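Results of the structural survey
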Amino acid sequence: MSDIKTLLTGTLISTVIPNRPLVYLGHQASIGDVLELLSSHGILSAPVFTANTDGVVDKPGIGTLLGFVDVWAVLVAFLQSLPAGELA
(Lines give C-alpha, C1' and ligand atoms only; values in the text may rest on other atoms or scores of the structure.)
Protein backbone atom coordinates (compact mmCIF):
# COMPACT_ATOMS: atom_id res chain seq x y z
CA MET A 1 0.00 0.00 0.00
CA SER A 2 2.88 2.38 0.66
CA ASP A 3 4.07 1.92 -2.95
CA ILE A 4 0.69 3.14 -4.20
CA LYS A 5 0.75 6.11 -1.85
CA THR A 6 4.25 7.01 -3.03
CA LEU A 7 3.17 6.70 -6.66
CA LEU A 8 0.10 8.88 -6.15
CA THR A 9 1.82 11.57 -4.08
CA GLY A 10 5.06 11.58 -6.03
CA THR A 11 3.77 11.58 -9.60
CA LEU A 12 3.28 14.99 -11.16
CA ILE A 13 0.22 15.43 -13.34
CA SER A 14 2.47 16.88 -16.05
CA THR A 15 4.08 13.46 -16.49
CA VAL A 16 0.72 11.81 -17.12
CA ILE A 17 -1.12 14.40 -19.20
CA PRO A 18 0.45 15.79 -22.38
CA ASN A 19 1.32 19.47 -22.33
CA ARG A 20 -1.63 21.10 -24.12
CA PRO A 21 -3.28 24.49 -23.80
CA LEU A 22 -6.29 24.75 -21.52
CA VAL A 23 -9.52 24.32 -23.47
CA TYR A 24 -12.51 26.07 -21.96
CA LEU A 25 -15.90 27.53 -22.83
CA GLY A 26 -17.90 30.61 -21.98
CA HIS A 27 -21.31 30.04 -20.43
CA GLN A 28 -23.03 31.47 -23.51
CA ALA A 29 -21.59 28.86 -25.90
CA SER A 30 -24.11 26.88 -27.91
CA ILE A 31 -24.33 23.10 -27.69
CA GLY A 32 -22.98 22.98 -31.24
CA ASP A 33 -19.98 25.06 -30.14
CA VAL A 34 -19.43 22.72 -27.19
CA LEU A 35 -19.46 19.58 -29.32
CA GLU A 36 -17.25 21.13 -32.00
CA LEU A 37 -14.67 22.31 -29.46
CA LEU A 38 -14.55 19.00 -27.60
CA SER A 39 -14.30 17.04 -30.85
CA SER A 40 -11.61 19.24 -32.38
CA HIS A 41 -9.42 18.78 -29.30
CA GLY A 42 -10.17 15.09 -28.83
CA ILE A 43 -11.48 15.59 -25.29
CA LEU A 44 -14.67 14.61 -23.51
CA SER A 45 -15.14 17.55 -21.14
CA ALA A 46 -14.12 21.16 -20.53
CA PRO A 47 -14.55 23.78 -17.83
CA VAL A 48 -17.18 26.48 -18.31
CA PHE A 49 -16.47 30.05 -17.18
CA THR A 50 -18.58 33.19 -16.97
CA ALA A 51 -18.36 35.12 -20.25
CA ASN A 52 -19.09 38.77 -20.99
CA THR A 53 -21.97 39.84 -23.22
CA ASP A 54 -19.84 39.16 -26.31
CA GLY A 55 -19.32 35.56 -25.18
CA VAL A 56 -15.66 36.16 -24.35
CA VAL A 57 -14.13 34.78 -21.16
CA ASP A 58 -11.95 37.65 -19.93
CA LYS A 59 -10.24 36.02 -16.96
CA PRO A 60 -10.79 32.29 -16.53
CA GLY A 61 -10.22 31.51 -12.88
CA ILE A 62 -11.76 29.92 -9.84
CA GLY A 63 -13.95 33.00 -9.32
CA THR A 64 -15.55 32.66 -12.75
CA LEU A 65 -15.66 28.86 -12.98
CA LEU A 66 -19.26 27.67 -13.26
CA GLY A 67 -18.61 23.95 -13.72
CA PHE A 68 -17.82 21.44 -16.43
CA VAL A 69 -19.65 20.27 -19.52
CA ASP A 70 -19.09 16.87 -21.07
CA VAL A 71 -20.30 14.87 -24.04
CA TRP A 72 -22.36 12.55 -21.83
CA ALA A 73 -24.32 15.45 -20.29
CA VAL A 74 -25.06 16.90 -23.73
CA LEU A 75 -26.21 13.51 -25.03
CA VAL A 76 -28.45 12.87 -22.01
CA ALA A 77 -30.01 16.35 -22.25
CA PHE A 78 -30.64 15.87 -25.96
CA LEU A 79 -32.27 12.45 -25.48
CA GLN A 80 -34.42 13.71 -22.61
CA SER A 81 -35.67 16.58 -24.75
CA LEU A 82 -37.10 14.24 -27.39
CA PRO A 83 -40.80 13.41 -27.18
CA ALA A 84 -41.53 9.91 -25.89
CA GLY A 85 -41.33 7.33 -28.66
CA GLU A 86 -39.31 9.62 -30.97
CA LEU A 87 -36.39 7.16 -31.13
CA ALA A 88 -38.53 4.11 -31.84
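Another aspect to go through is the packing of aromatic side chains. Under the definition given, this model contains one aromatic pair. A ring pair is formed by Tyr24 and Phe49, whose centres lie 5.6 Å apart and whose planes are at 90 degrees; its orientation type is edge-to-face. With Tyr24 in the loop between α1 (2-10) and β1 (25-26) and Phe49 in strand β2 (residues 45-49), the pair connects residues that are 25 residues apart, well separated along the chain. We classify Tyr24 as partly exposed; its relative accessible area is 31%.

With respect to the helices and strands, the residue Leu79 is situated in helix α3 (residues 71-81). According to the relative accessible area criterion, Leu79 is partly exposed, its value standing at 39%. Separated by 22 residues in the primary sequence, Leu79 and Val57 place their C-alpha atoms 29 Å from one another.

Further remarks concern the layout of surface pockets. Roughly 280 Å³ of volume is contained in the largest pocket. The wall of the largest pocket is formed by Ile17, Pro18, Arg20, Pro21, Leu22, Val23, His41, Ile43, Ser45, Ala46 and Pro47. Take the lining of the largest pocket: its biggest share by element is three residues, from β2.

What counts, and at which threshold
Residues numbered from 1 in each chain as written. Predicted model: local features only at pLDDT ≥ 70, side-chain atom pairs only at ≥ 80, totals over all residues. Heavy atoms only, no water. Phe/Tyr/Trp six-rings, centres within 6.5 Å; stacked < 30°, edge-to-face > 60°. Helix = DSSP H or I, 4+ residues; strand = E, 2+ residues; numbered from the N terminus. Buried < 20%, exposed > 50% of the residue type's maximum accessible area, 1.4 Å probe, protein only. 1 Å grid on protein atoms, 1.4 Å probe; cavity = no way out; pocket = protein on both sides within 12 Å on 5 of 7 lines; lining within 4 Å. Points joined across faces, edges and corners; volume = space filled by probe spheres on them.

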